[in-house]
Structures are given as structure tokens and as C-alpha cells.
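Residues per chain are reported as follows:
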Amino acid sequence: MMNKRQLKKSINAICDEIFAEALALSLYGNDRNIENDNALIRSVLLLRANYVSRISHPEPGMDTQTYYKDLRDKFTAEAQAIIDQLNA
């Protein structure tokens with residue numbers, strides 16, 4: 001299991017990469033909708049803020065390992081959804 005610091009670094013690194021890709025696509029992509037691009041970039045920022053803040057405050061009464069496994073799984077699913085939107 002990763003510790004909290006490593007998990008935060010991983011989430012930040014993944015969100016940084018997705019953010020950079022979304023920004024580059026919005027600047028250099030052909031036939032792009034500015035409103036959709038801004039919404040996509042905003043969703044990456046919200047994703048990062050949401051999951052980094054949840055790392056330091058696990059849900060009371062829930063097993064620690066189960067909580068962090070669920071957190072990683074949900075983050076992966078949301079990040080993959082954003083990546084799919086970028087590719088579309």
C-alpha cells in the first residue's frame with residue numbers, strides 16, 4: 001500500500017499530465033469548442049482538488065486499506081473518463 005505522500009504525488013502527477021494534454025488540445029486542436037475545453041480543464045482541476053483533499057481525511061468507521069483502495073479505484077475511473085473525453 002502506498003503512503004499518503006506517495007498517493008498525493010501520484011494523483012498530482014496524473015492530473016498534471018491530463019491538464020497539460022487538455023490545455024494543449026484546446027490551444028492547438030482543430031475545430032474545438034471553447035466552452036467544452038474550459039469545462040474539461042475545470043473538471044481536471046476539480047478532480048485533483050477533490051481527491052487530494054480526501055486523502056488526508058478518511059471516512060470514520062471504514063477500514064483504512066479499504067478506503068484507500070476505493071479512493072484509488074474511483075480516481076482511476078474518473079481520470080479515465082476525462083481521458084476518454086479528450087480522445088473523442
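Located above this text is the structure these notes cover.
Structural notes, computed from the coordinates. (Residues numbered from 1 in each chain as written. Predicted model: local features only at pLDDT ≥ 70, side-chain atom pairs only at ≥ 80, totals over all residues. Heavy atoms only, no water.)

### Some thoughts on the nonpolar core
Core analysis: the largest hydrophobic core is formed by 19 residues, its most contacted members being Ile11, Leu47, Leu71 and Phe75. Elements with a contribution of two residues or more to this core: helix H1 (4–28), helix H2 (34–55) and helix H3 (64–87). Discounting residues that sit within four places of it in the chain, Ile11 has contacts with Tyr51, Val52, Ile55 and Phe75. (Core = buried A, V, L, I, M, F, W, Y, C linked by side-chain atoms within 4.5 Å. Buried < 20%, exposed > 50% of the residue type's maximum accessible area, 1.4 Å probe, protein only. Helix = DSSP H or I, 4+ residues; strand = E, 2+ residues; numbered from the N terminus. Contact = heavy atoms within 4.5 Å.)

### Focus on the pattern of salt bridges
Scanning the model with the defined rule gives 2 salt bridges in all. The salt bridge partner of Asp73 is Lys69, with a shortest N-O separation of 3.2 Å. Of this pair, Asp73 and Lys69 both sit in helix H3, separated by 4 residues, roughly a single helical turn. Accessibility expressed as a relative area gives 47% for Lys69, which makes it partly exposed. Residues Lys74 and Asp70 are paired through a salt bridge, measuring 3.3 Å at the closest nitrogen-oxygen approach. Of this pair, Lys74 and Asp70 both sit in helix H3, 4 residues apart, roughly one helical turn. (Salt bridge = Lys/Arg side-chain N within 4 Å of Asp/Glu carboxyl O.)

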